[in-house]
Structures are given as C-alpha cells and as structure tokens.
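What follows is each chain in one-letter form.
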Amino acid sequence: MTQTIFMVGARGAGKTTVGSALAKTLGYKFVDTDLALLCTSGLSVADIVEREGWEGFRRRETETLKAICSPLTVVATGGGVVLSQENRDFMCENGTVIYLRSPASTLANRLEDTPLEDQRPTLTGKPITEEMMEVLNEREALYQEAAHHVVDGTQEPQTVVNLIMDALALPMV
Ligand code: ADP
Ligand code: MG
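Residues numbered from 1 in each chain as written. Chains lettered and ligands numbered in written order. Predicted model: local features only at pLDDT ≥ 70, side-chain atom pairs only at ≥ 80, totals over all residues. Heavy atoms only, no water.

1. Here we look at the overall build of the protein chain
On a plain count of helices and strands, the protein chain comes out with seven helices and five strands. Element order for the protein chain, N to C, with α for helix and β for strand: β-α-β-α-α-β-α-β-α-α-β-α. Here the protein chain has a C-alpha radius of gyration of 15 Å; the compact-globule value for 173 residues is 16 Å, and the two agree. C-alpha extents for the protein chain along the principal axes are approximately 45 × 35 × 30 Å. The burial tally for the protein chain puts 47% of its 173 residues in the buried class. Counting only contacts in the protein chain whose residues sit at least 6 apart along the sequence, the fraction spanning at least 24 positions is 72%. Here the protein chain displays about 8,500 Å² of accessible surface, and carbon together with sulfur accounts for 52% of that area. Averaged over its 15 positive side-chain charges, the protein chain has a centre that lies 3 Å from the centre of its 24 negative ones. (Helix = DSSP H or I, 4+ residues; strand = E, 2+ residues; numbered from the N terminus. Rg over C-alpha atoms; globule rule 2.2 N^0.38 Å. Buried < 20%, exposed > 50% of the residue type's maximum accessible area, 1.4 Å probe, protein only. Contact = heavy atoms within 4.5 Å. Areas by Shrake-Rupley, 256 points an atom, 1.4 Å probe, with all protein chains shown as cover. Lys, Arg positive; Asp, Glu negative; His and termini not counted. Charge placed at Lys NZ, Arg CZ, Asp CG, Glu CD.)

2. As for the confidence of the model for the protein chain
Averaged over the protein chain, the pLDDT score is 92; the fraction of residues at 70 or greater is 92%. For this predicted complex, the interface score ipTM comes out at 0.98, alongside a pTM of 0.92. (pLDDT = per-residue confidence, 0-100.)

3. Quick word on the site of ligand 1
The local shell around ligand 1 holds 14 residues, among which Gly12, Lys15, Thr16, Thr17 and Gln155 are the closest. Note that an oxygen atom of ligand 1 is positioned 3.0 Å from one of the backbone N or O atoms of Gly14. Contact between ligand 1 and Gln155: a nitrogen atom at 2.7 Å from a main-chain N or O atom of the residue. Contact with the protein chains covers 71% of the free accessible surface of ligand 1, which is 560 Å². Ranked by the residues each element gives to the shell around ligand 1, the list is headed by helix 1 (residues 15-26), at three residues. (Near = heavy atom within 4 Å. Polar contact = N/O pair within 3.5 Å; in protein donor to acceptor, adjacent residues only side chain to side chain.)

4. Describing unusual backbone geometry
Residues other than glycine seldom take positive phi values, yet Leu72 does so here, at roughly 55 degrees. Along the chain, Leu72 turns up in the loop between helix 3 (45-68) and strand 3 (73-76).

5. Remarks on the side chain of Thr4
Position of Thr4 among the secondary structure elements: in strand 1 (residues 4-8). Excluding residues that lie within four positions of it along the chain, Thr4 makes contacts with Cys69, Ser70, Pro71, Thr73, Val75, Asn94, Gly95 and Thr96.

6. Regarding the pairing of strand 3
The two faces of strand 3 match: Thr73 and Val75 on one face and Val74 and Ala76 on the other face are all buried. Pairing of strand 1 with strand 3 involves three bridges; the strand directions are parallel. Bridge assignment links Ile5 to a residue of strand 3, and that residue is Val74. Relative to strand 3, strand 2 (residues 29-32) is paired through four bridges, and the arrangement is parallel. Pairing of Asp32 across the sheet is with Ala76, part of strand 3. (Pairing = 2+ DSSP bridges.)

7. Some thoughts on the packing of aromatic side chains
Under the counting rule described, the total for this entry stands at two aromatic pairs. Note on Trp54 and Phe57: the rings are 5.6 Å apart at their centroids and 85 degrees apart in plane angle, and the pair reads as edge-to-face. Residue Trp54 and its partner Phe57 are both found in helix 3; the two are separated by three residues, about one turn of the helix. Take Phe57: its relative accessible area is 0%, and that puts it in the buried class. Ring plane angle 20 degrees and centroid distance 4.8 Å describe the contact between Tyr99 and Tyr143, whose orientation is recorded as stacked. Taken as a pair, Tyr99 in strand 4 (residues 95-101) and Tyr143 in helix 6 (residues 128-146) lie far apart in primary sequence, 44 residues in all. An identical accessibility class is assigned to Tyr99 and Tyr143; each is buried. (Phe/Tyr/Trp six-rings, centres within 6.5 Å; stacked < 30°, edge-to-face > 60°.)

So, in structure tokens, the structure goes:
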C-alpha cells in the first residue's frame, strides 16, 4: 500500500490534524492542498476566491490535486474537493480515499474554537451550525461516493489514526 492517501471531509473534519498524524505514523510525507496552493500561487484560499471566485479556486484546486499526488504521501484535501466528478475520479483511481465523518454540530463546535484567520471563507455567510448542516446535506453522498473507507471522525485524533490503520489493514507501528 504505497499509493497516495487522500483525506476528505467538510471543514473541521480533521483532515489536516488527523492527516498529518497519520503521515507521521506511516512515515509518509504530508501535503495540504490549500497550503500547496498557497506555496505555488502565493495566494490564500480567501485571496483566490476574492479575485477569481469559487470557480477559479476550484480549477486551481484540481490542478494542485494532480500535481501533488505521489506515492507515500497523505494529502489533506479541501472540503469541496468532492464537488467535482473529475476530482472524485482522480482520487479514486490514484489513491485510497478516507472520509472523516462527523455531524454538523461537531464540525461547528470545532470551527468556532478555531481562530478566524486560520479559517477558509464561509460559503454562505450563515451561522456556522446551519452552514455545516447545509454543506453536509449537499455533500454527504459525494463524500460517501468518493471514499474507499468511511471513518468516525468524532474520536480523538490518535484514535482516528488507529481506525484508519485498521481500515487500511496496516499494522500499528
Ligand atoms: P480540516 O483540515 O478538516 O478543516 P482541522 O484538522 O484543521 O480540520 O481541524 C479543525 C479544528 O478541529 C482544529 O482546531 C483541530 O484541532 C480540531 N480537531 C480536528 N480533529 C479533531 C478530533 N478528531 N478531535 C478533536 N478536535 C479535532
Ligand atoms: Mg485543513
């Protein structure tokens, strides 16, 4: 199992937190698509959305996803990566996709505790729990469709890493 591991899920699902812990456990490289995009373009997600709209951001996100896909790498994707069929197919064909699943209330609680400057722009401008419910309504089926494994993301990060190791049938190191 040396393919890329793609972490998918909504904002606050733990893609960055759990993804980097998983990479450490496996001795894999860790890449975050939002950070990779920042490195190559010099622009944050918020900057790109402001200049080019979500459409421009999505196009760049797809390019980034393809550019950073490599063996022995854990990739934390952006929450909306599954909206594109092209992205879903690419991840499915080129790696193992893990969906970190948590209810809207858990996601909202986590995001409320995260400093604003570290957050991606909100999609709707609505209260955070409402927005997360809408986002999950829209995307839950797509996350499920894209994923090879659905993992309970409400557990402590290290427990989630262990659940993923189990799902991948990898021995605990
Ligand atoms: P994502 O990259 O999916 O948007 P992050 O990894 O940035 O999510 O996590 C968002 C916030 O939630 C952070 O403050 C992080 O510390 C916290 N968090 C992430 N995963 C967990 C978890 N399994 N249990 C508790 N808190 C978590
Ligand atoms: Mg993240």
